[in-house]
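Analysis of the macromolecular model
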Amino acid sequence: MPPASTGASTLIVAASTQPSPVPSTADRLEPGRPGYRRMSFALFAAGVATFALLYSTQALLPAVSASFGATAGQASWTVSAATGALALCVLPLSALSERFGRRQMMTASLVVAVTVGLFVPFAPSLGWLIALRAVQGAALAGLPASAMAYLAEEVRPKALVAAIGLFVAGNSIGGMSGRILTGWVAQAWGWRAALGAVGLLAVACAVVFHFMIPRARNFTPGSLNPKALAKTVGGHLSDPLLRRLYAIGALFMTVFGAVYTVIGFRLAEAPFSLPQGVVGSIFLVYLVGTVSSAAAGRLVGRLGRRGALYLAVSTTAAGLLLSLADQLASVLLGLVLITAGFFAGHAVASSSVSRTATTGRAQASALYQSAYYLGSSAGGTLGAVAFHAGGWAGTVTLGLVAVLGVVSITLYGTRAARVERRRPVPAMASVQN
């Protein structure tokens, strides 16, 4: 079960429709060999930069809204545009990495995203800010689309889990620290300075990546084959179980995106009236996700996949209801339960995709991540609209509707599995001598 992250614990290997040749393990990296530590630091830095940039405006939405005289729904597009563009670009950029190389794709993605990040603080209007964030999200899609393929090709199998863990840890720390950093800098110097601070952090990470990442020794360029790719993607989308898993991932992320996009507005208003720095620090709750994601494997072992999903949605729903109270302790406990339930459910659904897909696992994972980030984009925007229309209760209602969707899909899957088990197995034809 992959460890939790702030939004990308399911990563893409590559969008190749043909099996890649297996490189000799003699040329692969492992702990103690030259290059392994450099590779680990490089990808950790890339993970920090990626998710610090991707969610850099989320903790700043109240300040951005006030600066441009925008509603919560309008300001939320600074997050939704980035995650939506990432969702749309994951699959094509993963295909390009097959042709031009993982290292080259990661480098290009970081360079473009960091460069755009330096212009973001100077956006003259909300429209420009949203447009720049969309370009940034599209560029960032190339990094998760290539990082796992690079690791699979360059690291010995026995060291692969540890190497992946460091990259995912960079995702988690980047997503969380970016939000906390922007909160405290914005409190002192404003939201533009906060975005500038994240941009400079990303520049430092990109420099570390460029000088530390080892040259790829086992990459074999492939040809782009749109027809084969479309056939593989079509096959996954026609699989009922995979479609249900994609929907579950999107719905879970709709809840999560809505809650964490809007929570800053709620805590900045009465009766809480918390300062920007404290609001940003709320994202420390993300650490709960690391624990619940790791525990998801044990939950599946005890309860089965659907049992674990039922527990995850129940926990999420309880957190949503508890957060309705006007006591800060209740809100924080509600966020803990929402976060724990989301990461557990996400871990179960994402890992089930890899087990379900017998061919084209890279494309299956890419489709899940696309659904996941589309859910994030939809949740952020719809959650803010619901908050504007009905306050926090409106956002909670949206979350409960999404949770009900997960329950309905899981119940349908349970019924379908029972029907399949009861279906008589055709007798084997007799063998003629």
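Keep in mind the model is a prediction, meaning the values are calculated, not measured.

Broken down by element type, the protein carries 14 helices and 0 strands. Reading the helices (α) and strands (β) of the protein from amino to carboxyl end gives α-α-α-α-α-α-α-α-α-α-α-α-α-α. Going through the 433 residues of the protein one by one, you find that 55% of them count as buried. Considering only residue pairs separated by 6 or more positions, the protein has 85% of its internal contacts joining residues 24 or more positions apart. With the model as given, the accessible surface of the protein reaches about 17700 Å², and the carbon-plus-sulfur share is 67%.

Look at helix α8 (residues 191–212): 32 Å from first C-alpha to last across 22 residues, which is about the 32 Å you get at 1.5 Å a residue. Of the residues making up α8, those classed as buried are Trp-191, Ala-194, Leu-195, Val-198, Gly-199, Ala-202, Cys-205, Ala-206 and Phe-209. Buried residues of α8 fall within an arc of 140 degrees about the axis and therefore sit on the same side. Residues of α8 that are exposed and angled more than 90 degrees away from the buried face: Leu-200 and Phe-211.

α8 packs onto helix α1 (residues 36–54) with a crossing angle of 155 degrees between their chain directions and a minimal axis gap of 8 Å. Between α1 and α8, the angle is such that the two are roughly antiparallel. As for the relative orientation of α1 and α8, their crossing is left-handed in sense. Residues Arg-38, Met-39, Phe-41, Ala-42, Leu-43, Ala-45, Ala-46, Val-48, Ala-49, Ala-52 and Leu-53 of α1 form the contact with α8, whose own contacting residues are Val-198, Leu-201, Ala-202, Cys-205, Val-208, Phe-209, Phe-211 and Met-212. Residue composition of the contact of α1 with α8, by class: 18 nonpolar, no polar and 1 charged.

Right, let's talk about the confidence of the model for the protein for a bit. Reading predicted coordinates in detail is not appropriate for stretches of low pLDDT. Mean pLDDT over the protein works out to 82, with 82% of the residues at or above the 70 mark. The secondary-structure element of the protein with the lowest mean pLDDT is helix α7 (residues 157–189), recorded at 73, while helix α5 (residues 126–140) shows the highest, at 96. Overall, residues 1–23 carries pLDDT values under 50, and its contacts beyond four positions in sequence, including any with other chains, amount to 96 contacts. For the stretch residues 428–433, pLDDT sits under 50, and the model shows 0 contacts to residues farther than four places along the chain or on other chains.

Below, the discussion takes up the packing of aromatic side chains. All chains considered together, the criterion is met by 10 aromatic pairs. Aromatic pair Phe-256 and Tyr-260: ring centres 4.7 Å apart, planes at 55 degrees, arrangement tilted. Remark: Tyr-260 and Phe-256 occur in helix α10 (residues 240–268); sequence separation between them is 4 residues, near one turn of the helix. Among the residues examined, Phe-256 registers a relative accessible area of 2% and is labelled buried. Judged by relative accessible area, which is 1%, Tyr-260 ranks as buried. In textbook terms, an aromatic cluster arises when at least three aromatic residues are bridged by ring pairs, as seen for Phe-256, Tyr-260, Phe-283, Phe-342, Phe-343, Tyr-368, Tyr-372 and Tyr-373.

With that settled, consider the side chain of Thr-339. Along the chain, Thr-339 falls in helix α13 (residues 328–356). If we ignore the near neighbours within four places in the chain, the residues touching Thr-339 are Phe-256, Tyr-260, Val-285, Tyr-286, Val-288, Gly-289 and Ser-292.

As for its placement among the helices and strands, Gly-117 is situated in helix α4 (residues 102–119). Residues Gly-117 and Arg-133, spaced 16 residues apart in sequence, show a C-alpha to C-alpha distance of 8.2 Å.

Bringing α5 into the picture now. Residues lying three or four places apart along an α-helix face the same way, a consequence of the helix completing one turn every 3.6 residues. The first and last C-alpha atoms of α5 sit 21 Å apart over 15 residues, in line with the 21 Å expected at 1.5 Å per residue. Residues Leu-126, Leu-129, Leu-132, Arg-133, Gln-136, Gly-137, Ala-139 and Leu-140 constitute the buried set of α5. One side of α5 carries all its buried residues, which in axial view fall inside an arc of 160 degrees.

What follows concerns a nonpolar patch on the surface. On the surface, a cluster of nonpolar side chains totalling about 320 Å² of accessible area is made up of Leu-118, Phe-119 and Leu-200. For Leu-118, the location among the structural elements is in helix α4. Classification of Leu-118 as partly exposed rests on a relative accessible area of 38%.

Reading guide: rules and limits
- Residues numbered from 1 in each chain as written.
- Predicted model: local features only at pLDDT ≥ 70, side-chain atom pairs only at ≥ 80, totals over all residues.
- Heavy atoms only, no water.
- Helix = DSSP H or I, 4+ residues; strand = E, 2+ residues; numbered from the N terminus.
- Buried < 20%, exposed > 50% of the residue type's maximum accessible area, 1.4 Å probe, protein only.
- Contact = heavy atoms within 4.5 Å.
- Areas by Shrake-Rupley, 256 points an atom, 1.4 Å probe, with all protein chains shown as cover.
- Expected span 1.5 Å × (residues − 1).
- Arc of directions from axis to C-beta.
- Axes fitted to C-alpha atoms, helices over the stretch in contact; angles between N-to-C directions.
- Parallel < 35°, antiparallel > 145°, perpendicular 65-115°, else oblique.
- Left-handed = near helix turned anticlockwise from the far one by under 90°.
- Nonpolar A, V, L, I, M, F, W, Y, C, P; charged D, E, K, R; others polar.
- pLDDT = per-residue confidence, 0-100.
- Phe/Tyr/Trp six-rings, centres within 6.5 Å; stacked < 30°, edge-to-face > 60°.
- Patch = residues over 30% accessible without salt bridge, like charges linked within 9 Å, V, L, I, M, F, W, Y side chains within 5 Å.
- Salt bridge = Lys/Arg side-chain N within 4 Å of Asp/Glu carboxyl O.

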